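# A structural walkthrough
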Amino acid sequence: MINFKKSGDITEIWRKYELGKNHHNEQNLYEETARAWRFYEGDQWYGLNIGGISNLPVLNFITTLVNYKFISVAMQNIRIVYNLHDSENPQAEIICRVLNKYAMRKWESQKLDSKLWKAVLGACVAGDEYLYFYNKNLDCQLIDNTSIYFADEQQEDIQKQNYIIIQERRPVADIRREAKKNGLQKSQISMITGDNQTDTIVGDRTEVDRSGEGGKCISLLYLTKNEDGDIIFCRSTRNVIYEPMKTIKGLKLYP
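An account of the accompanying structure is given in this report. Residue positions are given per chain, counted from 1 along the sequence in the order it is written. The predicted origin of the model limits local features to residues at a pLDDT of at least 70 and limits the giving and counting of side-chain atom pairs to 80 or more, whereas totals for whole chains, interfaces and linings rest on all residues. Calculation of side-chain values draws on the structure's entire complement of heavy atoms; hydrogens and water are dropped beforehand.

## Some thoughts on the environment of Asn-100
Strands here are runs of E lasting at least two residues and helices are runs of H or I lasting at least four, both read from the DSSP assignment and numbered beginning at the N terminus. Locating Asn-100 in the fold gives a position in helix α4 (residues 90–109). Taking C-alpha positions, Asn-100 is 5.8 Å from Val-81, a pair spaced 19 residues apart along the chain. Dropping the residues within four chain positions of it, Asn-100 is found in contact with Ile-80, Val-81 and Tyr-82. The contact criterion used throughout is that any non-hydrogen atoms of two residues lie within 4.5 Å.

## Some details on the packing of aromatic side chains
Note on aromatic contacts: the rings of Phe and Tyr and the six-membered ring of Trp form a pair at centre separations within 6.5 Å, being stacked when their planes are under 30 degrees apart, edge-to-face when over 60 apart, and tilted otherwise. Evaluation of the coordinates by the stated rule reveals seven aromatic pairs. Every member of this aromatic cluster is reached through a ring pair, and the members are Trp-14, Tyr-17 and Tyr-149. Cation placement over rings: the criterion is NZ of Lys or CZ of Arg within 6 Å of the ring centroid and within 35° of the ring normal. Sitting over the ring of Tyr-163, Lys-16 keeps its end group 4.7 Å from the ring centre. The aromatic ring of Tyr-254 is capped on one face by Lys-225, whose charged end is 4.8 Å from the ring centroid.

## Some thoughts on helix α5 (residues 112–126)
Helix span, expected: 1.5 Å multiplied by one less than the number of residues in the helix. Over its 15 residues, α5 extends 20 Å from the first C-alpha to the last, a length consistent with the 21 Å expected when each residue adds 1.5 Å. Here the buried face of α5 lies against α2 (29–40), α3 (61–74), α4, β1 (129–133) and β2 (140–144). Residue Gly-127 follows α5 closely and has a positive phi angle near 105 degrees.

Following this line, the structure appears as structure tokens:
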């Protein structure tokens with residue numbers, strides 16, 4: 001049984017997130033990832049004090065090399081294919097043909113080729129990139145290497161992780177609305193407020209409003225497995241678990 005009671009004024013999920021964040025900081029992951037993207041984009045002079053001189057010379061061979069390497073990987077024709085292996089069941093062959101047509105339609109409608117290209121480029125530049133599939137319709141989102149936290153950073157097999165945390169920055173109004181839908185009390189909902197914790201974001205950290213209900217805050221998606229091996233998940237801010245733990249029966253693998 002997993003205990004999600006608060007540790008002090010934060011949730012247990014947030015405490016685990018802070019452990020992961022500390023590890024990322026020890027590895028200098030946030031700054032190194034930002035630096036890698038700057039070099040790829042031709043901004044090699046970033047942070048150098050040169051007395052206001054602009055338009056410094058840049059010979060950006062990095063972009064050319066990275067593009068060549070990632071394109072050589074991304075050009076591979078990847079598809080979802082169902083087959084029977086050694087079986088000769090005529091009925092099963094028909095089922096596989098139907099499934100393959102269905103998979104092809106989903107692949108095209110979700111523009112998975114384009115998403116895979118972006119994922120491969122992100123992995124080539126920053127070291128890792130992830131596609132998180134959040135429903136059976138193959139809807140998915142790209143997860144940067146700085147926005148995912150594993151229970152064991154030394155374990156390369158994702159399916160052996162005790163838990164996975166995905167960090168997002170979401171509008172406070174949206175989270176409060178979901179919290180109300182999930183039956184949280186007004187006193188709990190009022191604890192969901194905007195923050196200025198953008199230090200883990202790589203790229204543009206500018207936000208129009210960082211305060212109150214009009215701002216954004218960190219939301220954590222917590223994934224783990226129950227005793228039967230089924231995936232269970234919940235969502236948490238710093239102080240409130242606004243989506244209680246739910247079980248996805250039959251789903252044994254992290255998506």
